[in-house]
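An overview of the molecular structure
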Amino acid sequence: MTDLQPAGELVLDGISRTYGEVCAIGSITATVPAAQVTVIVGPSGCGKSTLLRICSGLEQPTEGHVSFDGAAVTGVPDGLAMVFQDYSRSLFPWMNVEANIGFPLRSVLSSAQRRQRVQESVEAVGLADKERLYPWQMSGGMQQRVAIARALASHPRLLLMDEPYASVDAQTRADLEDLLLSIQDRLNVTVLVVTHDIDESIYLADRVVVLSKAPSVVVETIPIDLPRPRDHITTKADPRFVELRTRVARLLRPSLHQAAPSAADPEPTLRAAPSPRPDQPATTGVPLRVNRGA
Amino acid sequence: MTVKLGADPLNTRDRVLLGCLGLVGTAFLGEVLLRTGVVSAVGLALPSVVLAEAGGLLADDGFLEAVGFTVRELALGLGMATVVGTLLGGLMGASRTASVMFELPVEILRPLPSIAVGPVLVLLLGSGMLPNAITVSVACLWPILFNAMYGVQAVDKTAVQTAKTLRLSPWTIATRVKLPAALPFVFTGVRVSASIGLIVAVSVELLIGSGAGIGGFILLASTSGSNLDVVYAATLIGGILGVLISLVLGGLERLAFPWKAGLAQ
Amino acid sequence: MLRLVVPAVLGAIWQWASQLETKGLFIAAPLDVMRRVGADYLSASPGSFFLGQSTFDHVLPSLSRALMGFALAVVFGVMIGVVLGLWPVVSALFTPIVHLGRSLPTPALLGVMFFLFGTGDLPKVLLIAFGAIWPVLFNTMDGTQSLGTERGRVAQIFRIPFHAVLTRIVLPGAAPKIFVGIRTALSLSLILMIISELQKSLNGLGYTLNATQRSFDYEGLWAVLAVLAVLGVALNFALVRIERRVLAWHLGATGQHD
C-alpha cells in the first residue's frame, strides 16, 4: 500500500483513573513500541477498556499522561483508528459495507481515492464481493472484519483494539487473529490490543503487558520472542509458547501459587512471579510503579 | 462544535432541577418579552395572568365539574377501549385466522379521524357522556389493540411449549400463560392511549358543543366575548392534567411491571 | 376470501341499522352513501381527473391545509427535536415543556388562533402545525438520545465532522423513532384539520361535516365520513410506503441490537 505514514510509539506514564470513590486504574506506566503489536491482558474489571479509551483520547486520566509519537494525547490524535468489541453497536446498520468503511474518509479524500482505499481494505480483510451487503446480512465474524477494514482504510499509525474477538466464535477468532498479524506485517502499524484471553495475547503479541485486578497496575511486561510468521498449529505447539502461556497464567491468578500476593491484596507491590527465571531478561526499560493507593 | 453522542444522561436530581428551571425560565422569558413589548400581539396572554386565571379556575365549581366530566368520560372511553382492544388484539395475536379476518377492517377504520364519528353518535344516542366516551374509545382502541396483539405474539414460545407438554388445555394456556405475558404490553398501550384520549375527549366536547366537560367550558368561554385568558388557562390545566395522568400511569406501570419494555407506539 | 367475512358482516349490520324505524333515519344506507359519494365527490369526466365538485370545493382545500400543517410540524419538529436531543443539559431543560406541550388539548386554542391570525387559511394551518409538532418533537428527541455510546465513540475516533454526524449518524439512527412520531402526527393532523374548520370556515371537510348535520342531510354526513376514511387510508398507505423505503435497513436489522 502506498502513502503509509511511519508508525509512532505510544507512551503511558503513571496513568491513573478514579471515578468518585472507585479507583479503576491504580497506576500504569508502559511503552507500546512503534510498529509492534503490544497486548494488554488482565482479569475482568481491571479497567482495560478504560485504559484504551484514555490512550485514544476519548477519556482523560485522573493522573498521568499519554503521549503518542512525542506529542501529548489530550483529544483524539491524528492517525488513530479503533476497533471495538461490540461490532453490532459500532457499525452503522443503515450503511452497507462500502459505506461503513469509507465513511471516515468522506471529508478527507476525494471520492476516487476513497473508492480505491475501500477496495484495498475490503480485499485485505477478505470481504471482496461483499461491499454491497448490510451488517445485518452478515455473520459476527464478517461484521468485525468490516470494522477492521474501516480502521485500516484510514491508514492509521496507531490501531487500538478493545477485546475485538470476544464476541465471535473460536473458529472465527483464529481467522481474525491471523488477519491482524498479516495486516500489521503489511502496514507497519503500531497496534495495542486489549484482551482477557491469554492464548490470544501471546499469539498476537510482540510484548505482553499483564495487569492486576483493580486498582490495576502493571504486574509485568513480557517480550514475546516467538518467531514470525505465526500460525495456530505450529506456534501453539512450540514449547516456548507453553512456557510463556503458563507464565502469564500464573501472573493472572496468583492466588493459586505460593509466594505471590493473593488476589484479595489491595496493594500488590511487585511482580507476582514466584521466582526469577534465569533465561528471562528483566523487563526491559519499563519502571514498575507501586500502587499509589486510591 | 462537539457533541458527545449517546452521552450518559444526567442524574435524576440534575434533570429535575434543570426541568424546573426550563419551565420557570420559559414562563419568565415570555412574561418579560410581552411586558416590555418586544413581542406584542393582541391575543397572547401574559404567563402571570394565565397562571392567576388558572388558579381561579381551580377554585371555580363550574370548572371543576367540567374537569370531572371530562375525566369520567376519559375513564369510560379508555375502559371500553381496553376491553375491546385487549380481547380483539389478543385474539388477533393468538390466532392466525382471526388476524387475517380482522386485518382489513382494522386497516380501514384505524386511519379514520375518530372525532368524525362524534356527530353521528350524538344523533343516535343523544348528547351526554356516552357518545363522547365512545368517540374517545375509538381513538384509544388502536394502540391498545396493537400492543395486545404484539404482547400475545411475543410470549415466550418455550413457555407455551412447556405448558403444552404438561397437557394444559388451550383455555388454560391462554389465560395462565399468554395473558399474563401480554399484560405489560397492554398496559403500555393504555398509557399511550390515555394522552391521546384526553386530547380527543376535549376535542369532541368542542365539536359537539353541548357545553359539557373542559372542551365545553372552553367553547363557552371563547364565544362569550374575548376572554382569552380563561381559554389559555383552561388549556393549560388540560395539559397539566394530561401530564399527571401520564405520570400516574407510568408510575403504576413501573410498580406492576418493573422488568418490562413494551411497544410504545 | 376469509378477509371479506368481517367487512361483509359489518356491511350487513350497517344496512340493517339503516332500515331501523327511528334510529335508522340518522343512518344512511351503505349503497345510498356510496351513490352520494360518487355523485358529489367523483365525476365521469377525465378533464377534472374524475373528481367531482365537492372534491374541489372541500376535499382539496382541507387536504392542502392539513398537509401544509403536517409538513411544518415534521420539518420543525425534527429540527428542534435533534437540537434538544443532542445535548443532555438542553434535553433536561426542555423535557417538561415538551411533555406539557404534547398533552395540551390543542383544539381548544382554535379561538386563540383566529384572534391572532384572523380568518382564512393561516390560523388553520398553524393550529394543525402546533398540534402535530409535539409527537414529532418528542419522538425525535427520544430517538436522538438513544443512539448509543459506541456510535458516538466511533464518530469521535474517526473525527467525523459535525455536519456528517448530523446527517449520516443522528438522522438515520433516530429515523425509526422519528417515523413513529410522524405517524402520530399524521393522524393528529387530520383530526385538527376537521376541528379547524368548525368555526369561521367557508369550505372543507370539517365544514361539510357540520353543515350537513345542521341541514339534516344525513346522507351527506355519512358521505363525508366515507371520504374521510378513504383519505385516511390513502395518506397512511403513502406514509407506510415512504417509511418502508427509508427504513429498509431497519426492517432487516430488527431483531438485532439497535
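No experiment lies behind these values; they were computed from the predicted model shown.

Looking now at the interface of chain C and chain A. Tallying the contact residues gives 20 residues for chain C and 22 residues for chain A. Listing elements by their share of the side of chain C that touches chain A, those giving two or more residues are α7 (149-157), α8 (162-196) and α11 (248-253) of chain C. Among the elements that make up the side of chain C that touches chain A, the one with the highest residue count is α7(C) (six residues). Classifying every residue of the side of chain C that touches chain A gives ten nonpolar, five polar and five charged.

Further remarks concern the confidence of the model for chain B. All names here are of chain B. Overall, the predicted model of chain B reaches an average pLDDT of 84, with 92% of residues at or above 70. pLDDT under 50 marks residues 261-265. Its contacts with residues more than four places away, or in other chains, come to 14 contacts. What the predictor reports for the complex is a pTM of 0.84 with an ipTM of 0.84.

Turning our attention to the pairing of strand β3 (residues 37-41) of chain A. Residues and elements named next belong to chain A. A large share of β3 lies buried, amounting to five of its five residues. Side chains Val37, Val39 and Val41 of β3 all project onto a buried face; the interleaved residues Thr38 and Ile40 project onto the opposite face, where all are buried too. Here β3 runs beside strand β8 (residues 190-195); their pairing, made up of five bridges, is parallel. Its bridge partner lying in β8, Ile40 is registered against Val194.

Listed per partner, the contact involves 58 residues of chain B and 57 residues of chain C. Every element with two or more residues in the side of chain B that touches chain C is listed here: α1 (12-35), α4 (96-109), α5 (117-125), α8 (170-208), α9 (213-223) and α10 (228-256) of chain B. In terms of residue count, α10(B) provides more of the side of chain B that touches chain C than any other element does, ten residues in total. The residue inventory of the side of chain B that touches chain C, partitioned by class, reads 37 nonpolar, 17 polar and four charged.

A separate point is the packing of α10(B) against helix α4 (residues 88-103) of chain C. Following both chains from N to C, one finds α10(B) and α4(C) inclined at 110 degrees, their axes separated by 7 Å at the closest point. Relative to α4(C), the element α10(B) lies roughly perpendicular. Two secondary-structure elements touch here, α10(B) through B:Gly239, B:Ile240, B:Gly242, B:Val243 and B:Ser246 and α4(C) through C:His99, C:Leu100 and C:Ser103. For the contact of α10(B) with α4(C), a count of residues per class yields three nonpolar, five polar and no charged.

As a further point, take the nonpolar core. In terms of nonpolar packing, the biggest core is built from 212 residues, with A:Val208, A:Val210, A:Val248, B:Ala234 and C:Ala132 touching the most fellow members. At 18 residues, the largest contribution of residues to this core is made by α8(C). Among all residues touching A:Val248, those that are not within four sequence positions of it are A:Val41, A:Ile198, A:Ser201, A:Ile202, A:Val208, A:Val210 and A:Ile222.

Reading the values: rules and limits
Within each chain, residues carry numbers counting from 1 in the order of the written sequence. In the order they appear in the text, chains get letters beginning with A and ligands get numbers beginning with 1. Thresholds applied to this predicted model are a pLDDT of at least 70 for local features of residues and 80 or more for the giving and counting of side-chain atom pairs; totals over whole chains, interfaces and linings are not thresholded and use all residues. Whether two residues are in contact is decided by their C-beta atoms, placed from the backbone, lying within 7 Å. Runs of E in the DSSP output that reach at least two residues are strands. Runs of H or I that reach at least four are helices, and both are numbered from the N terminus. Any residue that is not Ala, Val, Leu, Ile, Met, Phe, Trp, Tyr, Cys, Pro, Asp, Glu, Lys or Arg is counted as polar, Gly included; the first ten are nonpolar and the last four charged. Every residue is assigned a pLDDT by the predictor, reflecting its confidence on a scale from 0 to 100. Here exposure depends only on C-beta density: within 10 Å of a residue's C-beta, 20 or more other C-beta atoms make it buried, 12 or fewer make it exposed, and intermediate numbers make it partly exposed, the C-beta atoms being placed from the backbone. For two strands to count as paired, DSSP must find a minimum of two bridges between them. Note on method: axes are straight lines fitted to C-alpha atoms, helices fitted across the in-contact stretch only, with angles between N-to-C directions ranging 0 to 180 degrees. Roughly parallel here means an angle under 35 degrees, roughly antiparallel means over 145, roughly perpendicular means 65 to 115, and every remaining angle is called oblique. Any set of buried Ala, Val, Leu, Ile, Met, Phe, Trp, Tyr and Cys residues joined through C-beta atoms within 7 Å is what this text calls a nonpolar core.

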